[in-house]
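These are the residues of each chain, in order.
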Protein chains: 2
Amino acid sequence: MKYIVIFLFASIVSSAQITKEQLNIMPWPQNITLTEGSFLLTKNFKVNITGAPNERIFIGATNFLRRLDGRTGQFFQQGFVMGLNEVPDAQLQINCVRAAKIDLYEDESYLLEVTTNKITINATTDVGALHALETLLQLLQNNSNSFYFPTSKISDFPRFTWRGLMIDGARHFMPIDVIKRNLDGMAAVKMNVFHWHLVDDQGWRIEMKKHPKLIQMASDGNYYTQEEIKDVVRYASDRGILVVPELDVPGHASAILTAYPEIGSKVVKLNVNNGEKGQQFTQVQSYSVERNAGVFAPTLDPSNPKTYQLLGEFFDEICPLFPGKYFHIGGDENEGKDWDSNPKIQEFKKKNKLATNHELQTYFTMQLIPMLKKHNKVLMGWEEIMTKNMSKDAIIHSWKGSNEGMPAGKSLVDAAKGGYKTVLSNGYYIDLMLGVAEHYLVDPMPKNNTLTDEEKARILGGEATMWSELVSPATIDSRIWPRTAAIAERLWSNENVTDINNMRKRLDVISFRLEELGLTHLKSKEGLLRNISNNQKSEALLDLSNVCEPLKLYSRNKGGTEYQMYSPLTLFADACTPDASDAIGFDSAITNYLANKTDENQAAVANYLNKWVTIHKDLTALSNNAPLVQPLLPLSKSLSAIAEQLLLKISNKQGLDDSALYGLLEKCDSKEYADVELAVYNSLKKLVQAKI
Amino acid sequence: MKYIVIFLFASIVSSAQITKEQLNIMPWPQNITLTEGSFLLTKNFKVNITGAPNERIFIGATNFLRRLDGRTGQFFQQGFVMGLNEVPDAQLQINCVRAAKIDLYEDESYLLEVTTNKITINATTDVGALHALETLLQLLQNNSNSFYFPTSKISDFPRFTWRGLMIDGARHFMPIDVIKRNLDGMAAVKMNVFHWHLVDDQGWRIEMKKHPKLIQMASDGNYYTQEEIKDVVRYASDRGILVVPELDVPGHASAILTAYPEIGSKVVKLNVNNGEKGQQFTQVQSYSVERNAGVFAPTLDPSNPKTYQLLGEFFDEICPLFPGKYFHIGGDENEGKDWDSNPKIQEFKKKNKLATNHELQTYFTMQLIPMLKKHNKVLMGWEEIMTKNMSKDAIIHSWKGSNEGMPAGKSLVDAAKGGYKTVLSNGYYIDLMLGVAEHYLVDPMPKNNTLTDEEKARILGGEATMWSELVSPATIDSRIWPRTAAIAERLWSNENVTDINNMRKRLDVISFRLEELGLTHLKSKEGLLRNISNNQKSEALLDLSNVCEPLKLYSRNKGGTEYQMYSPLTLFADACTPDASDAIGFDSAITNYLANKTDENQAAVANYLNKWVTIHKDLTALSNNAPLVQPLLPLSKSLSAIAEQLLLKISNKQGLDDSALYGLLEKCDSKEYADVELAVYNSLKKLVQAKI
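These numbers were taken from a predicted model, which means no experiment stands behind them. (Residues numbered from 1 in each chain as written. Chains lettered and ligands numbered in written order. Predicted model: local features only at pLDDT ≥ 70, side-chain atom pairs only at ≥ 80, totals over all residues. Heavy atoms only, no water.)

Visitor: What is the right way to read the overall build of chain A from this model?
Guide: Of the regular secondary structure elements, chain A holds 26 helices and 20 strands. At 28 Å, chain A has a C-alpha radius of gyration in line with the 26 Å of a compact globule built from 692 residues. Taking contacts inside chain A between residues at least 6 apart in sequence as the whole, the part at least 24 apart equals 76%. When the accessible surface of chain A is split by element, carbon and sulfur atoms take 52% of a total near 27000 Å². For chain A, the centre of its 74 positive side-chain charges and the centre of its 81 negative side-chain charges are spaced 1 Å apart. (Helix = DSSP H or I, 4+ residues; strand = E, 2+ residues; numbered from the N terminus. Rg over C-alpha atoms; globule rule 2.2 N^0.38 Å. Contact = heavy atoms within 4.5 Å. Areas by Shrake-Rupley, 256 points an atom, 1.4 Å probe, with all protein chains shown as cover. Lys, Arg positive; Asp, Glu negative; His and termini not counted. Charge placed at Lys NZ, Arg CZ, Asp CG, Glu CD.)

Visitor: Quick question: what am I supposed to make of the interface of chain B and chain A here?
Guide: Interface size, as often reported, equals the accessible area lost upon joining of the parts. In this assembly, 50 residues from chain B lie in contact with 50 residues from chain A. Where chain B abuts chain A, roughly 4000 Å² becomes buried across the two surfaces, and 55% of that area is made up of carbon and sulfur atoms. Where chain B touches chain A, the interface holds 2 salt bridges. The tally of links between chain B and chain A comes to 20 residue pairs in polar contact (both at pLDDT 80 or more). With 5 residues, helix 2 (residues 56–72) of chain B is the largest single contributor of residues to the side of chain B that touches chain A. Taken together, the residues of the side of chain B that touches chain A sort by class into 15 nonpolar, 21 polar and 14 charged. (Buried area = accessible area lost by both parts, 1.4 Å probe. Salt bridge = Lys/Arg side-chain N within 4 Å of Asp/Glu carboxyl O. Polar contact = N/O pair within 3.5 Å; in protein donor to acceptor, adjacent residues only side chain to side chain. Nonpolar A, V, L, I, M, F, W, Y, C, P; charged D, E, K, R; others polar.)

Visitor: Hey, could you run me through the environment of B:Ala188 in this one?
Guide: Residue and element names in this part refer to chain B. Position of Ala188 relative to the elements: it lies in helix 4 (residues 176–188). Sequence separation of Ala188 and Leu198 is 10 residues, and the distance between their C-alpha atoms is 24 Å. In contact with Ala188, other than residues within four places in its own chain, are Met26, Arg67, Glu134, Gln138, Leu514 and Leu517.

Visitor: Would you mind showing me how to read the relation of the copies chain B and chain A here?
Guide: The operation relating the two chain copies consists of a rotation about an axis and a shift along that axis. Between chain B and chain A, the superposition needs a rotation of 180 degrees and an axial shift of 0.0 Å, giving an RMSD of 0.0 Å. These values place the two chain copies in the arrangement generated by a two-fold rotation axis. A shared interface surface links the copies, since 100% of the contact residues of chain B are contact residues in chain A too. (Least-squares fit on C-alpha atoms with pLDDT ≥ 70 in both.)

Visitor: Explain the packing of aromatic side chains here, please?
Guide: The geometry of two aromatic rings is summed up by the distance between their centres and the angle between their planes. On inspection of all chains with the given rule, the structure shows 44 aromatic pairs over all chains. Between A:Phe586 and A:Tyr608 the ring centres are 5.6 Å apart and the planes differ by 65 degrees, which places this aromatic pair in the edge-to-face class. Taken together, the residues span a long stretch of sequence, with A:Phe586 in helix 21 (residues 581–595) and A:Tyr608 in helix 22 (residues 599–613) at a distance of 22 residues. B:Arg239 extends its terminal NZ or CZ atom over the ring of B:Tyr235, reaching a point 3.5 Å from the ring centre. (Phe/Tyr/Trp six-rings, centres within 6.5 Å; stacked < 30°, edge-to-face > 60°. Lys NZ or Arg CZ within 6 Å of the ring centre and 35° of its normal.)

Visitor: Explain the pattern of salt bridges to me, please; I cannot follow it from the model alone.
Guide: Two side chains of opposite charge can pair, provided their charged atoms sit close to one another. Residues and elements named next belong to chain A. All chains considered together, the criterion is met by 78 salt bridges over all chains. A salt bridge links Lys552 to Glu549, with the nearest nitrogen and oxygen atoms 2.6 Å apart. Glu549 gets classed as buried once you look at its relative accessible area, which sits at 10%. Put simply, Arg67, Arg71, Glu134 and Glu516 are held in one network by salt bridges that share partners. (Buried < 20%, exposed > 50% of the residue type's maximum accessible area, 1.4 Å probe, protein only.)

Read these as geometric descriptors, not functional statements.
Set out below in structure tokens:
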């Protein structure tokens, strides 16, 4: 009987022999070889660790067991991995030569070998081994009855050393659990730098024991305690992730100046009271926490010694919370308006022979370098800090591009040529709500560049930036994931890994697997739609959300004032995401159909159109008891109208004339309703224009 | 034009005049009067606060604004409520006479009046006002275009002063965000006691600065820091909730004894080594953190002075974290096995004239009273602590019932008669996976009791208990909610509010509204089913989950050893919940149909049956690429088979004979598959038995 069982398993498993193209690994490894065969997962599966790793490998291996068991329901006998060489005969053997340092340039490589009865991971460091465990989880396959790993050899290492994600905890506060689940997501796709934007016009988020005014006056009660920050840093370190804090100065300073108006640049006016007594008053300039989005005037006074005294004290309190080597001081978007109108500052510029506000800002930034050096920290700043006298020790964070009227990534090349280390974020602004393909094809290493090897080496990598003007803790995951996984691949994998369709196929699987980490990017939609529909079940509302995308490029928040930081983010646009799923599906159905008008391909197109023909009627019915559905009706009306005509067209039935048809099409190009756009417009246009 | 707009609004609103029966308030208020008219919500809606409240009202009012705006998308102009009388002409006026104390017997009453242009809340304390804000949120109505409050007068106060929820953070650790969102849920249904079970055989969860061994050796790294505990206490206090910590002694002590084996009761054995040298060794008894569920032997030694010394030190460190007056010391399920076999303890009993282990436990418990009194704390314990010499100051927590071979709630009456204050949990064990109706009808005040008024007054209220043997952070919400809202109603509302159908109708709405607090009870299912289905979309799987319920009364975890504390809780049983939605819907369809065999009623029944006829075919197809679906196939097979026959039966078509039909029916009564039961069995039986 035993033999029969073994034979059955063997035959089942071997029948599922798979190819590289079927694997859903992301980032794609540098080298992978599949052989014929498989390692069958059973409840006896155990992990053993040898070598001289940091303790983080035990946490990582235990989490690995829980995740694998959660996916497969094997009821593993091993509960925890607590120490070295606990189970010498375990099926999974992990060896790490030494403990990793959480820093750039660390060895993150690994070798993973799966044979039919054993899996081995060899890595120089525990961080490399953690990456291998993520790859192994992604390698998991199943047939109808079993879970298994295909026998294989993978050797892997990152292309860039800086693979970052920035989260803005200032504009909308993101509680610790949001940060932690996103750190888990980062680790799952082998990212290694968490850039934590902690201070901006809209709030100061770091508990300050020596300067409590900052949180008392400028946080609305929403801040990270020092204990919480240390906990996040530890949690990140356990996942091989370096934390880089950002305190944005000298601009974006409304929050700081709310607590310390005396270091602001705005000129102090004298008001004459023309009332009965004709007295003069000195008006003290006051600031307040900003509630809108945008670029604002409040700026630190670079001519005031107290500015530097306070900043030094801030750094003295903040730096010890972050053991990593890098500190981001922002430095962006300082327009210098308040400097221009302040005579004292103008005098200071003259006295110090600073010709422009840029030079004045450089003067300011240079004062911060020793304050940070005192704590063994290297200064990093947005590209605006790169002016002619800036220290070459500073790291330049390149962010401007066509939106800002600049050639994309120009500052990156300038920095590398100018002797600066540099990180690219232009092209990785995930808050712009662009499709994943737009980010995926952006490479930190410019194509056809003329950089020397030394200059190339200064390009550290890239970083996805999640600015939080329009996200809440309930929606931020769906703005970060899954697109950031594709950026992670760009930063880790070979530069030739650029097939978009293959990436999309893998991303679908990676995305659903990320859910096991507590990320809410997929399920947040359900709750939002429930609110919008007033708890009425509606396929139509879900269908509409699957063809709509939030307005892109900051056009959702016109002038930065439509949404205040306390405005509702529970609306239809919040339920929608970039890369609307049915829009992508419809576009490939259209492409197939236009290439080859088989019945099957026509049916695939008709399937979408039929769904949309009734969407307006259904949503109108829904709206009778759901005011939040009302703003969507113009969208559903346009979609139903064109769908009806296109169904006639593909069946060669008589519909409207071309001019009327184009009229209907153009109504689908609107950005006027519910802060979304119909993401099927371009695909519809292809069909309208096509000769059938 | 202005007039027309006003007229339109007025007509829209008045057309939606509603009745009390349409309201979805829970707990139902003591007194409510509706008048004809409504208060229309607009973006100008603002809140003003007067009187002398605690600061928590500002947090509560700000959260109220965010939640109301999130539901209605009005884009309120008011962002925050920060101080007294900020907006004297605001539409919502809240007056509180004084600050509440977070304690039992506090005045929690409120008066809420809605007129067409003004809403007023008057309350003695800010906690009463917070309750009023929750009622107001539940009062929200809408028509197709607007949101409004019906004009009304509500005066309200709680029936019982103890309206508790216990969460077990020991067996499965529940991170702070889980605790906080459940505190929000409690506040939404006016519960006021959070009982935090922090120590059990499976772990010690409190950071101990003076006794770090407890977390180093007995927490698996999962514990609440003292900062986090203080933060939770503050968060609870901001919501009017008292936190009662529990340290379970002298039984349930595996975790404590893992760190301090020297205070354990297990007898120390002398082993004779019969080897070459014939030496004798003293074997030190060691303990380890328990991984199974159940009742275990490890028990503190009540005869050892060090036990009391250590407990005193523990209390000295823990008590200051909890400003409330009550401290729960557990005291349950000590079987005394290790006491019986320990000669030293037997001698101690004799010396102190303690006839039984119960008396010995009372001796033990009595030693704790002064330790707690030192910190102004009253001792509370599970009913086992109530023995003849127990201090009358102790509060008795009644939990045993028919499962434990006791008349339900007997100890509650005994306690009240015996002079003890007491709280009921028997009947509120939400971890048993029973339907909401079973809990809803349990009243802390026994029907037809013969208690004097003084004795009745000792019955403080009740508490839902969420033991965590079989829940993870991802599933616990769906075990607590929405059922706990119905228990909250039992503890707040008039005893005559007992209509189950009306409760269910309201509970559906309350449940979906609880989502806005971040509770995951509804959306957790989606993610779990995605894992089970291996990311394949499947209506059939969802449909099956809507007629299945997790096995009840601890039968899921046979002997407490099937699931270890690290076993997967990502399975089908975890996706299912008590009160399976389609089971309830089907039962009422059956009831209607059997009462009145109209075409419409028949169609309603057929609608369910048609869904189930194909469920087995669909799930079989799904299982080809989803091993976790395999265990469900016997269930879907049984359901499809009977559905097919019953469809024939209700259409008066020839099907199987009765005996074969009963055979199919009984297959639906299985508890053998996937740790669930088909919750439609009883309804199916009604139809099988019926004459059509």
